[in-house]
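Residue strings, one per chain:
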Amino acid sequence: MKKIILTIAIFIGVAACKTNPFTGKKVLNFYPNSQVFPMAFAQYDQFLTENNVIENSSEAKMITKVGQRISSAAERWLTANGYAGYLKDYKWEYNLVKDETVNAWCMPGGKIVFYTGILPITQTETGVAVVMGHEVAHALADHGAQRMSAGTLQQIGAVAGNVAIQDPQKRNIFNQAYGVGSQVGLMLPFSRGHETEADRIGLQIMAIAGYDPTEAAELWKRMKANSGGQAPPEFLSTHPSNDTRINNLTEWAPMAKAEAKKFGVTSFE
Ligand SMILES: [Zn+2]
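Definitions and limits used
Residues numbered from 1 in each chain as written. Predicted model: local features only at pLDDT ≥ 70, side-chain atom pairs only at ≥ 80, totals over all residues. Heavy atoms only, no water. Helix = DSSP H or I, 4+ residues; strand = E, 2+ residues; numbered from the N terminus. Buried < 20%, exposed > 50% of the residue type's maximum accessible area, 1.4 Å probe, protein only. Areas by Shrake-Rupley, 256 points an atom, 1.4 Å probe, with all protein chains shown as cover. Core = buried A, V, L, I, M, F, W, Y, C linked by side-chain atoms within 4.5 Å. Contact = heavy atoms within 4.5 Å. Expected span 1.5 Å × (residues − 1). 1 Å grid on protein atoms, 1.4 Å probe; cavity = no way out; pocket = protein on both sides within 12 Å on 5 of 7 lines; lining within 4 Å. Points joined across faces, edges and corners; volume = space filled by probe spheres on them. Nonpolar A, V, L, I, M, F, W, Y, C, P; charged D, E, K, R; others polar. Axes fitted to C-alpha atoms, helices over the stretch in contact; angles between N-to-C directions. Parallel < 35°, antiparallel > 145°, perpendicular 65-115°, else oblique. Salt bridge = Lys/Arg side-chain N within 4 Å of Asp/Glu carboxyl O.

Engineer: Tell me about the overall build of the chain, and name the residues and values.
Structural biologist: Looking only at helices and strands, the chain has ten helices and six strands in total. Counting all 269 residues of the chain, 51% fall into the buried class. Just so you have it, the chain exposes about 12600 Å², and 54% of that area is on carbon and sulfur atoms.

Shown next as structure tokens:
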């Protein structure tokens with residue numbers, strides 16, 4: 001019996017690990033896109049019907065334009081690095097929602113929301129690209145599914161690893177991982193590690209999309225000035241601290257430019 005459990009545990013351990021193409025690191029992920037994305041898409045649609053989506057304004061159009069440039073840069077990067085088809089289940093969507101909250105977020109499968117409250121801080125199209133790169137990076141790195149997997153482990157224990165969870169339970173785990181459900185759209189903070197990873201990946205893809213990565217640190221300086229020491233939502237998460245973030249982004253900007261050069265991008269806007 002022990003042997004069987006061990007075999008199952010090993011099988012699950014292997015099956016649940018996925019390589020993050022951007023870091024090369026193995027990450028825990030029980031949830032294939034085919035399970036997570038439909039839940040995310042449904043939650044996203046529900047959020048849009050319950051909130052004030054701005055359509056056809058010049059700002060809304062700009063959000064979409066930046067999103068398309070960033071996701072197509074991600075696709076070029078993935079294809080060039082042997083991950084063609086990685087995005088086949090993604091259904092990118094970029095919406096601007098009238099809300100004073102200084103925030104933006106992304107659900108699995110590429111469902112992105114910007115609140116109008118973040119626009120005074122992004123200021124320019126390049127500023128939007130900084131935030132967009134970060135949000136797209138969360139989606140590419142499956143940070144949400146990883147959080148769901150961690151939640152699952154907590155709930156059912158590492159050995160049991162019950163892969164065949166019933167649907168309502170899966171939805172429940174999704175809602176807990178995202179903090180959605182009763183408060184749709186109010187996303188829980190990602191971990192410090194996930195935030196740093198999203199900053200780094202985001203910087204590279206914004207550069208490949210032709211946006212100046214040195215602007216990322218500038219954006220976070222404005223965020224810092226704006227936050228005034230208050231406990232912020234996901235995007236303004238205090239982990240890592242604004243200063244760490246600004247230092248990291250300043251240090252990584254030349255690397256991002258070098259990566260963009262591999263794709264023939266040498267001038268940035
Ligand atoms: Zn984030």
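After presenting the structure, the write-up continues.
Engineer: Could you give an account of the nonpolar core, with specific residues and numbers?
Structural biologist: One finds I63, I70, V113, F114, I118, M132 and L140 to be the most contacted residues of the largest nonpolar core, which totals 70 residues. The element contributing the most residues to this core is helix α5 (residues 125-140), with nine residues. With near-sequence residues (within four places) excluded, I63 lies in contact with Y94, L96, F114, L119, V128 and M132.

Engineer: Mind laying out helix α8 (residues 192-208), listing which residues take part and the relevant values?
Structural biologist: With 17 residues, α8 should cover 24 Å at 1.5 Å per step; its first-to-last C-alpha distance of 25 Å lies within 8% of that length. Where burial is concerned, most of α8 is hidden: 13 out of the 17 residues are buried. With its phi angle positive at about 95°, G210 sits one or two positions after the end of α8.

Engineer: Mind laying out empty space enclosed by the protein, listing which residues take part and the relevant values?
Structural biologist: The final tally for this structure, using the stated rule, is three cavities of 30 Å³ or more. Size it by volume and the largest cavity reaches roughly 60 Å³. Along its surface, the largest cavity is lined by 13 residues, and V130, H134, D199, L203 and L249 are the ones closest to its centre. Of all the secondary structure elements, the ones that give two or more residues to the lining of the largest cavity are α5, α8 and α9 (215-227). In terms of residue count, the dominant contributor to the lining of the largest cavity is α8 (five residues). Among the residues forming the lining of the largest cavity, the class breakdown is nine nonpolar, three polar and one charged.

Engineer: Explain the packing of helix α3 (residues 58-80) against α8 residue by residue, including any values.
Structural biologist: Orientation of α3 relative to α8, taken along the N-to-C sense of each, is 100°, at an axis distance of 8 Å. Judged on the interaxial angle alone, α8 and α3 are roughly perpendicular. On α8, the residues that touch I70, A73, A74, R76 and W77 of α3 are Q204, I205, M206 and I208. Of the residues contributing to the contact of α3 with α8, the split by class is seven nonpolar, one polar and one charged.

Engineer: Can you lay out the pattern of salt bridges for me, pointing to particular residues and giving the numbers?
Structural biologist: It is possible for side chains bearing opposite charge to pair when their charged atoms get close. Following the criterion strictly, the structure yields twelve salt bridges and no others. The closest approach of N and O atoms between E125 and R69, which form a salt bridge, is 3.7 Å. Of this pair, E125 sits in helix α5 while R69 sits in helix α3, and the two are 56 residues apart along the sequence. Given the relative accessible area of 18%, E125 is considered buried. Two residues, K221 and E218, come together in a salt bridge whose shortest N-O distance is 3.2 Å. Pair noted here: K221 and E218 are both in helix α9, with a separation of three residues, about one helical turn.

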